[in-house]
Amino acid sequence: MVTHLSSSSRKDIIYPDSDGEPMADNTEQFQLIVWIKENLELLFANDPHVFVAGDLLWYPVEGDNNLRLAPDVMVVFGRPKGYRGSYQQWLEDNIPPQVVFEIWSPGNRLSQMAKKFEFYERYGVEEYYLYKPDVVDLTGWRRRESNLEVIDQMTGWVSPRLGVRFELSKEKLQIFSPSGKPFFTYLELDRQRQQAEARAEEAEARAEQAEAQLQALRTLLQERGINPEQL
């Protein structure tokens, strides 16, 4: 027998913002999650209809608060930016996250990751990327009709949705924006900012020095009875 929930019963259901699980098991996993999430935020900063989140619970079906998952990073095209305690899909024009990332940690079990794959495949994810930092291995899947099919070659792969390019060296994963610029860490971005500020200050100092020299020359010419404007 199938029991249908009434609209009033559905409104009474609470969808928790936390599942009690930690965002990451170690510092490397945390740094990778933040690195991917924040660079994607920057990539789509000027598009108000791209929502990017990290470790946010996604509820795909109204009325079932046990059916949920929190991707390490997820990207939703067609939904506005802004605060959410959780991503309740029926409140988001029923648009599922199109792209998700997972970072493998020592605490992950194969059965656990298999269940995540099944969840993403069943509920509409178009692109799924799983990175294992300990062995520098990136696996990707792309939706073909109702299934997620493995991407044969990830080195050089360009995400159809994100437009980013993935590269793998012996040491690490690299991701490049559509413009060809690499994803930077917060520290690298801050270092670039400091360098840019230093260059701006140097340019301003040189301009002030040049103006002072020009003024000194004008004064010298005037002292000798020469009008600088006539030169």
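Scroll up a little and you will see the structure.
Remember, predicted model here, so these are calculated numbers, not experimental data.

Draft legend 1. Representation of the overall build of the protein chain. Secondary structure summary: the protein chain contains 4 helices and 10 strands in total. Taking the contacts inside the protein chain whose residues are at least 6 apart along the sequence as the reference set, 56% of them involve residues at least 24 apart. About 14,300 Å² of surface is accessible on the protein chain, with carbon and sulfur atoms providing 50% of the total.

Draft legend 2. Structural view of the side chain of Lys 37. Relative to the assigned elements, Lys 37 resides in helix 2 (residues 27-43). Given the relative accessible area of 19%, Lys 37 is considered buried. Setting aside chain neighbours within four positions, we find Lys 37 in contact with Val 52, Ala 53, Gly 54 and Val 73.

Draft legend 3. Examining the sheet that holds strand 5 (residues 99-103) more closely. Spatial strand order, 1-3-5-6-7-8: 6 strands in an open sheet with mixed pairing. Where the open sheet ends on each side, the last strands, each with one partner, are strand 1 (50-54) and strand 8 (147-150). Between one strand axis and the next, the sheet turns through 15° on average, direction left out of account. Examined bridge by bridge, strand 5 and strand 6 (residues 127-132) share 5 bridges and lie parallel to one another. Residue pairing for strand 6: Val 100 is matched across the bridge by Tyr 128. Against the sheet, helix 2 touches strand 1, strand 3 (73-77), strand 5 and strand 6, its axis set at about 160° to strand 5.

Draft legend 4. Summary view of unusual backbone geometry. A positive phi angle, near 55°, is found at Asn 94, a position not held by glycine. Structurally, Asn 94 can be placed in the loop between strand 4 (87-88) and strand 5.

Draft legend 5. Geometry of the pairing of strand 10 (residues 173-176). Where strand 9 (residues 165-168) lies against strand 10, 4 bridges are found, and the strand directions are antiparallel. Each residue of the ladder has a partner; that of Phe 166, found in strand 10, is Ile 175. In sequence, strand 9 turns back onto strand 10 through a hairpin of 4 residues.

Draft legend 6. View of the environment of Val 158. Topologically, Val 158 is positioned in the loop between strand 8 and strand 9. Taking the C-alpha atoms as reference points, Val 158 and Pro 178, separated by 20 residues in sequence, lie 8.8 Å from one another. The residues touching Val 158, leaving out its near neighbours within four places in the chain, are Gly 163, Val 164 and Arg 165.

Draft legend 7. Spotlight on the nonpolar core. Counting residues in hydrophobic clusters, the biggest one holds 28 residues, and the most contacted among them are Leu 40, Phe 101, Tyr 129, Leu 162 and Phe 166. Only helix 2, strand 1, strand 3, strand 5, strand 6 and strand 10 provide two or more residues apiece to this core. Excluding anything up to four places from it in sequence, Leu 40 contacts Val 52, Val 73, Val 75, Phe 101, Leu 162 and Phe 183. In this structure, Tyr 87, Val 100, Tyr 123 and Tyr 128 belong to the second largest nonpolar core, which totals 21 residues.

Draft legend 8. Seen up close, the environment of Met 74. Mapped onto the fold, Met 74 is located in strand 3. Sequence separation of Met 74 and Val 99 is 25 residues, and the distance between their C-alpha atoms is 5.7 Å. Dropping the residues within four chain positions of it, Met 74 is found in contact with Phe 51, Val 52, Ala 53, Leu 56, Trp 58, Tyr 87, Pro 97, Val 99 and Val 100.

Draft legend 9. Region of the structure containing the packing of aromatic side chains. The final tally for this structure, using the stated rule, is 16 aromatic pairs. Both rings, one in Phe 51 and one in Tyr 87, keep their centres 6.2 Å apart while their planes meet at 15°; by these two values the pair is stacked. Residue Phe 51 is found in strand 1, and its partner Tyr 87 is found in strand 4; the two are separated by 36 residues along the sequence. In this structure Phe 51 comes out as buried when scored by relative accessible area, which is 6%.

Draft legend 10. Here's a closer look at the side chain of Ser 86. Along the polypeptide, Ser 86 turns up in the loop between strand 3 and strand 4. Separated by 3.2 Å, the side chains of Ser 86 and Gln 88 make a polar contact. Not counting residues within four places of it along the chain, the set of residues in contact with Ser 86 comprises Tyr 15, Pro 16, Asp 17, Leu 56, Leu 57 and Tyr 59.

Here is what the cut-offs are and how they apply
Residues numbered from 1 in each chain as written. Predicted model: local features only at pLDDT ≥ 70, side-chain atom pairs only at ≥ 80, totals over all residues. Heavy atoms only, no water. Helix = DSSP H or I, 4+ residues; strand = E, 2+ residues; numbered from the N terminus. Contact = heavy atoms within 4.5 Å. Areas by Shrake-Rupley, 256 points an atom, 1.4 Å probe, with all protein chains shown as cover. Buried < 20%, exposed > 50% of the residue type's maximum accessible area, 1.4 Å probe, protein only. Pairing = 2+ DSSP bridges. Axes fitted to C-alpha atoms, helices over the stretch in contact; angles between N-to-C directions. Core = buried A, V, L, I, M, F, W, Y, C linked by side-chain atoms within 4.5 Å. Phe/Tyr/Trp six-rings, centres within 6.5 Å; stacked < 30°, edge-to-face > 60°. Polar contact = N/O pair within 3.5 Å; in protein donor to acceptor, adjacent residues only side chain to side chain.

That's the geometry; what it means functionally is another story.
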